[in-house]
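# Coordinates in review
Below, each chain spelled out in residue letters.
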Amino acid sequence: MPRLVRVAAAQLGPIAREESRAAVVERLLAMLHKAHSFGAQLVVYPEMALTTFFPRWVFDDVDDADAFCETSMPNPDVQPLFDEAKRLGIGFYLGYGELTQEEGRKKRFNTSILVGADGSIIGKYRKVHLPGRKDADPTGCAGNFEKRYYEVGNLGFPVFRAFDGVMGMAICNDRRWPETYRAMSLQGAELIMLGYNTGTVKRTMVGNAQVQEPAHLSSFHNHLVMQAGAYQNCCWVVGVAKAGMEEGVEFMGGSCIIAPTGDIVAQAVTTADEVIVADCDLDLSLHNRRTTFNFEVNRQIQTYGIITAQRGVVVSV
Ligand code: CDV
């Protein structure tokens with residue numbers, strides 16, 4: 001009997017700064033209903049799916065970020081999503097900014113949760129690989145200041161037994177790091193959900209000149225890293241965008257569902273609210289897990305120590 005999970009990727013179009021949580025939740029509900037009409041059992045929403053992507057801005061007072069974060073989950077604004085998903089018997093992944101008190105002080109995390117079909121929170125993940133800068137960028141190239149507002153996630157890369165398999169979560173920039181997928185696949189992850197907010201334009205300074213990355217590369221890299229992560233780790237990857245022109249920044253779409261073969265089996269075609277679905281056979285990974293990527297037989301862990309022993313490159317001559 002194959003372990004089939006019908007998964008929906010619920011891509012969001014832009015969220016304006018003044019758009020209320022209640023209005024956004026209405027949009028999430030509309031997509032939940034569409035996903036239900038497609039027979040989905042699990043819906044994956046993007047990173048920071050309740051508000052605009054505020055870390056594009058440098059607030060002089062970092063505490064201005066609090067207004068974009070949730071102090072409890074569910075809370076009255078989000079409760080309708082929990083209630084309706086439970087009524088329909090659908091689980092979901094939801095990304096949001098989290099504001100919490102830990103170790104006697106205020107902390108913010110870029111967080112996602114996995115909610116079961118019964119409406120209970122199965123697990124939480126806090127983004128590990130925070131991109132961007134802490135301080136304003138005098139060159140004007142930077143468009144992401146997550147390090148200014150968020151702490152590095154302190155929950156590791158946990159996996160959760162749910163939906164007849166082993167589920168993992170990641171958030172946006174995490175998808176570019178092979179360690180993300182491997183840390184979860186070593187715990188048996190069979191399906192990794194990740195939401196993202198990714199600009200289509202990347203600029204850097206070369207000498208005194210601003211240089212722009214060729215336009216096609218951002219969406220190429222988006223799929224490249226997720227397809228490689230899926231294939232090398234024998235797991236499904238569901239990558240879901242917040243897309244379109246949001247507060248003057250163009251976010252890429254390209255939300256997709258990727259099989260353990262590395263194949264994209266469903267892909268969004270718009271940069272607006274859009275639902276795509278795929279039947280994810282969690283047993284599809286078994287062949288590779290037993291052959292090429294039989295970790296137990298083939299990993300040479302005695303040679304990998306450097307990966308956790310040092311952060312950056314050391315060139316010895
Ligand atoms: N939200 C993100 O994590 N965005 C990063 C950008 C800044 C590179 C990403 O990896 O898509």
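Residues numbered from 1 in each chain as written. Predicted model: local features only at pLDDT ≥ 70, side-chain atom pairs only at ≥ 80, totals over all residues. Heavy atoms only, no water.

For the protein, an unreviewed UniProt entry supplies the name N-carbamoyl-D-amino-acid hydrolase and the organism Neoroseomonas terrae.

Below, the discussion takes up the overall build of the protein. Each helix and strand counted, the protein has eight helices and 17 strands in total. In terms of overall size, the protein behaves like a compact globule, its C-alpha atoms giving a radius of gyration of 19 Å where 317 residues would be expected to give roughly 20 Å. On the principal axes, the C-alpha backbone points of the protein span a range of 60 × 55 × 45 Å. Residue burial in the protein is summarised as follows: out of 317 residues, 51% are buried. In the protein, of all internal contacts separated by at least 6 residues, the share reaching a separation of at least 24 is 70%. When the accessible surface of the protein is summed, it comes to about 14,300 Å², and 54% of that surface belongs to carbon and sulfur atoms. In the protein, the 31 positive side-chain charges and the 36 negative ones have mean positions that sit 4 Å from each other. (Helix = DSSP H or I, 4+ residues; strand = E, 2+ residues; numbered from the N terminus. Rg over C-alpha atoms; globule rule 2.2 N^0.38 Å. Buried < 20%, exposed > 50% of the residue type's maximum accessible area, 1.4 Å probe, protein only. Contact = heavy atoms within 4.5 Å. Areas by Shrake-Rupley, 256 points an atom, 1.4 Å probe, with all protein chains shown as cover. Lys, Arg positive; Asp, Glu negative; His and termini not counted. Charge placed at Lys NZ, Arg CZ, Asp CG, Glu CD.)

Take the packing of aromatic side chains next. Taken as a whole and assessed by the stated rule, the structure comprises twelve aromatic pairs. Measuring from centroid to centroid gives 6.3 Å for Tyr45 and Phe92, while their planes differ by 70°, and the two rings are edge-to-face. Placement of Tyr45 in the loop between strand E2 (42–44) and strand E3 (69–70) and of Phe92 in strand E4 (residues 91–102) is noted, with a sequence separation of 47 residues between them. Residue classification places Phe92 among the buried residues on the basis of a relative accessible area of 0%. For the ring pair Phe53 and Phe251, a centre distance of 5.9 Å and an interplane angle of 90° mean the geometry is edge-to-face. Residue Phe53 is located in the loop between E2 and E3, and its partner Phe251 is located in strand E14 (residues 249–251); the two are separated by 198 residues in the primary sequence. Overall, the relative accessible area of 2% leaves Phe53 in the buried class. (Phe/Tyr/Trp six-rings, centres within 6.5 Å; stacked < 30°, edge-to-face > 60°.)

Here the focus is the side chain of Asn233. Mapped onto the elements, Asn233 comes out in helix H5 (residues 215–233). In this structure Asn233 comes out as buried when scored by relative accessible area, which is 2%. Of note is the side chain of Asn233, whose polar atom sits 2.7 Å from the side chain of Arg182. Residues within four places of Asn233 in sequence aside, it is in contact with Tyr181, Arg182, Ser185, Arg289 and Phe295. (Polar contact = N/O pair within 3.5 Å; in protein donor to acceptor, adjacent residues only side chain to side chain.)

A few words now on the packing of helix H1 (residues 21–37) against helix H2 (residues 79–88). Two elements in contact, H1 and H2, have axes separated by 10 Å at closest approach and are oriented at 10°. As summarised for this structure, H1 and H2 are arranged roughly parallel, according to the angle between their axes. In this structure, H1 contributes Val25, Leu28, Leu29, Leu32, His33 and His36 to the contact, and H2 contributes Pro80, Leu81, Glu84, Ala85 and Leu88. Here the contact of H1 with H2 is composed, by residue class, of eight nonpolar, two polar and one charged. (Axes fitted to C-alpha atoms, helices over the stretch in contact; angles between N-to-C directions. Parallel < 35°, antiparallel > 145°, perpendicular 65-115°, else oblique. Nonpolar A, V, L, I, M, F, W, Y, C, P; charged D, E, K, R; others polar.)

Looking now at the sheet that holds strand E8 (residues 165–171). On the basis of which strands lie adjacent, the open sheet formed by six strands has the order E7-E8-E9-E12-E15-E16 and mixed pairing. With one partner strand each, in any of the chains shown, strand E7 (159–162) and strand E16 (264–267) form the two edges of the open sheet. For this sheet, the mean inter-axis angle between neighbouring strands, taken without regard to orientation, is 20°. Each of strand E9 (191–196), strand E12 (236–241), strand E15 (256–258) and E16 is contacted by H5, which is oriented at about 30° to E15, the strand it contacts most. (Pairing = 2+ DSSP bridges.)

Our next topic: the site of the ligand. For the ligand, the full set of nearby residues is Glu47, Phe53, Lys127, Pro131, Asn144, Glu146, Cys172, Asn173, Arg175, Arg176, Asn197 and Thr198. Within the side chain of Arg175, an N or O atom sits 3.3 Å from an oxygen atom of the ligand. Coverage of the ligand by the protein chains reaches 87% of its 320 Å² of free accessible surface. Its residues placed into classes, the shell around the ligand shows three nonpolar, four polar and five charged. (Near = heavy atom within 4 Å.)

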